[in-house]
Amino acid sequence: MVAAFQEFHSPHYEFVAALVIIRTMAKPPLSMKPTGWFQVAWSDEIAVGDVHTMTYFGQEMVAWRAESGELTVMNAYCEHLGAHLGFGGSVVGEVLQCPFHGWQWSQQGRNVRIPYQDRPNRGRRIRTYPVVERNESVYIWHDVAGRAPYFDAPDIFAGFNDGSSADDYYPQQRLYRERLELHPQYVLENGVDFAHFKYVHKTPIVPVFTRHDFAAPVSFVDFTITFEGDDNQKIEDIDSRVEAVNGGLGIAVTKSWGMIDNRTISAITPVDESTSDVRFMVYIGRTPGTDPVRAETKAREFGHEVIRQFEQDVEIWRHQRYSDPPALANAEHEGFTAIRQWAKQFYPDGIGGSAADVYAASQKGGTA
Ligand code: FES
Ligand SMILES: [Fe+2]
C-alpha cells in the first residue's frame, strides 16, 4: 500500500500515506528510547545487599546496593558468559559477584576479579547508568548516544525554591501501574491540555494557563484551577494554582497552592517498544496545631483523591492513539505546537514534531 502511494511522488499523497501509517500503528510513532532521567524503582525497594531486576528501554537491567549504600544500575548480563546477574548474583562489599563463575564487577561496571586467575579482565565493562536517588525515587539517565546527563532531574521540594522539605509533608503516597500501552509524551501533553480538566477531572470551569516555558530541557507550566464551586465563577477570581516543572519527558513535579497543599511526581518510563511503567506520588502538606491523628487520616484521604484523579487520566492515556497532526481548537494550537516541538529534542531520531516527519523517517526505514 505504501509502495503504491510512492509512485505518485506527490506531497499530498505522501501526507495521506503518513496519516494511514500513523492511524494503523498500534505503538506510538514516537521513539520509546528517549533521552533523559527516568524512574526505575523506589529507593526503599532496594536495601543494602539487594539485587533488583528490571526491564527498561528494552534492556534487562539490575540495580544493586553496595555495603556503603551506593546504588548501581547496570545492564543485567555478565560479560563473561552471559549469566543474568539478577538471578543469584550477590553483593560482596562494594562489588557485584556473578553466580555462574564468581567474576566480580565494580560500580563502574568494570571487571575487578576473576577468582581463578591472578588478574581481572580490565578491558571488559558492563554498561552502567548514571543514577540519582531523589524524593524516594531511583532515577537513571538514559541516552542511546551515551552522553553524560545535560540537565538535572527535578526535585519536588528544592525545585520550587521555597525552602520546603519532606518534613513539611505527610508520608508519600504512591500509585504504580506496570506496562501500560502509553508513551511518556501523552502524560506531558496534559500540561497544555486545559480542556480535559473539565471533562476528565470534573472541574467546574476550564483552567487558564499562566506560563508555558519550553525554552530548555527542563520546562515550566503554571495554571489557575479550581475544583470547587459551580460553573458561574470567573477564572479571573480564582486564587488557586498549580506550578509544574517537567524534567524532560520522564519526570514532572507539581506544587499546588490555594487548595489543600499538595505536591505530586509523575514518572513514566518506557519498558519496551509499546509499553511504559507509570509511577505517581503525592505529598500532602502537614497542618500544624490540629489533631494529629485526624489530620493524618484526612491527608491520606486527600492523597487518595489526588491519585484517583491521576488514574482518570491514565484510563484515557492507556487507550489513546497518538493523533498527529491533531485536530486542535484555536486556543490549543500554541501550547500543543510548543510541547511537541520541545519533546522532539529528546528523541534520538529527532522524529516527533509532525506526521510528515514520521512518514519521511519511515521511508528511510527509521521509524521511531
Ligand atoms: S558468566 Fe558471569 S562469571 Fe561466568
Ligand atoms: Fe489530567
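Residues numbered from 1 in each chain as written. Chains lettered and ligands numbered in written order. Predicted model: local features only at pLDDT ≥ 70, side-chain atom pairs only at ≥ 80, totals over all residues. Heavy atoms only, no water.

Asker: It is not clear to me how helix α6 (residues 333-344) should be interpreted in this structure. Could you clarify?
Answerer: Side chains of residues three or four places apart in an α-helix project in the same direction, reflecting 3.6 residues per turn. Taking 1.5 Å per residue, twelve residues should reach 16 Å; α6 reaches 17 Å between its end C-alpha atoms and fits that length. Along α6, the residues classified as buried are G335, F336, I339, R340, W342 and A343. Projected down its long axis, α6 carries its buried residues within an arc of 160°, all on one side. Here the buried face of α6 lies against α3 (184-189), β13 (208-213), β14 (218-224) and β15 (241-247). (Helix = DSSP H or I, 4+ residues; strand = E, 2+ residues; numbered from the N terminus. Expected span 1.5 Å × (residues − 1). Buried < 20%, exposed > 50% of the residue type's maximum accessible area, 1.4 Å probe, protein only. Arc of directions from axis to C-beta. Contact = heavy atoms within 4.5 Å.)

Asker: I keep staring at the layout of surface pockets and nothing clicks. Help me out?
Answerer: To find the voids left in a structure, one rolls a probe of water-molecule size over its atoms. By volume, the largest pocket amounts to about 770 Å³. Considering the residues around the largest pocket, the lining is formed by 37 residues, among which F197, F223, V242, T254 and Q309 are closest to the centre. Mapped onto the lining of the largest pocket, the elements with two or more residues apiece are α3, α4 (196-200), β14, β15, β16 (251-257), β17 (262-270) and α5 (292-317). When residues of the lining of the largest pocket are assigned to their parent elements, the largest contribution, seven residues, is made by α5. Among the residues forming the lining of the largest pocket, the class breakdown is 18 nonpolar, 15 polar and four charged. (1 Å grid on protein atoms, 1.4 Å probe; cavity = no way out; pocket = protein on both sides within 12 Å on 5 of 7 lines; lining within 4 Å. Points joined across faces, edges and corners; volume = space filled by probe spheres on them. Nonpolar A, V, L, I, M, F, W, Y, C, P; charged D, E, K, R; others polar.)

Asker: Is there a simple way to think about the coordination of the iron ion (ligand 2) in this case?
Answerer: In an ideal octahedron of six donors the angles at the metal are 90 or 180 degrees, and in an ideal tetrahedron of four donors they are 109.5 degrees. Coordination of the iron ion (ligand 2) by the protein comes from N190 (OD1), H196 (NE2), H201 (NE2), D313 (OD) and D313 (OD), over a distance range of 2.1 to 2.5 Å. The sequence motif formed by the donor residues of the iron ion (ligand 2) is N-x5-H-x4-H-x111-D. One end of the pair, N190, is in the loop between α3 and α4; the other, D313, is in helix α5, with 123 residues separating them in the sequence. A relative accessible area of 14% means that N190 is categorised as buried. (Donors = N, O, S within 2.8 Å, 3.2 Å for Na, K, Ca; no water.)

Asker: Explanation requested: unusual backbone geometry in the structure shown.
Answerer: It is generally the case that most residues other than glycine have a negative phi and that most peptide bonds are trans. The residue after D324, namely P325, is reached through a cis peptide bond having omega 0°. Summarising the element assignment, P325 is placed in the loop between α5 and α6. Of note in this structure, K202 is not a glycine but carries a positive phi near 60°. Along the polypeptide, K202 turns up in the loop between α4 and β13.

Asker: Even after reading the chapter, I still don't get the sheet that holds strand β9 (residues 128-129), so can you show me in this structure?
Answerer: The strands that make up a sheet pair up through hydrogen bonds in the backbone, lying either parallel or antiparallel. Spatial ordering of the open sheet is given by β2-β3-β4-β9, a layout of four strands whose pairing is antiparallel. Taken across any chain shown, the strands that pair with only one partner, and hence form the sheet edges, are β2 (51-56) and β9. Inspection of the sheet shows strand β4 (residues 71-75) paired to β9 by two bridges, in the antiparallel sense. Among the inter-strand pairings, V73 is bridged to a residue of β9, identified as Y129. (Pairing = 2+ DSSP bridges.)

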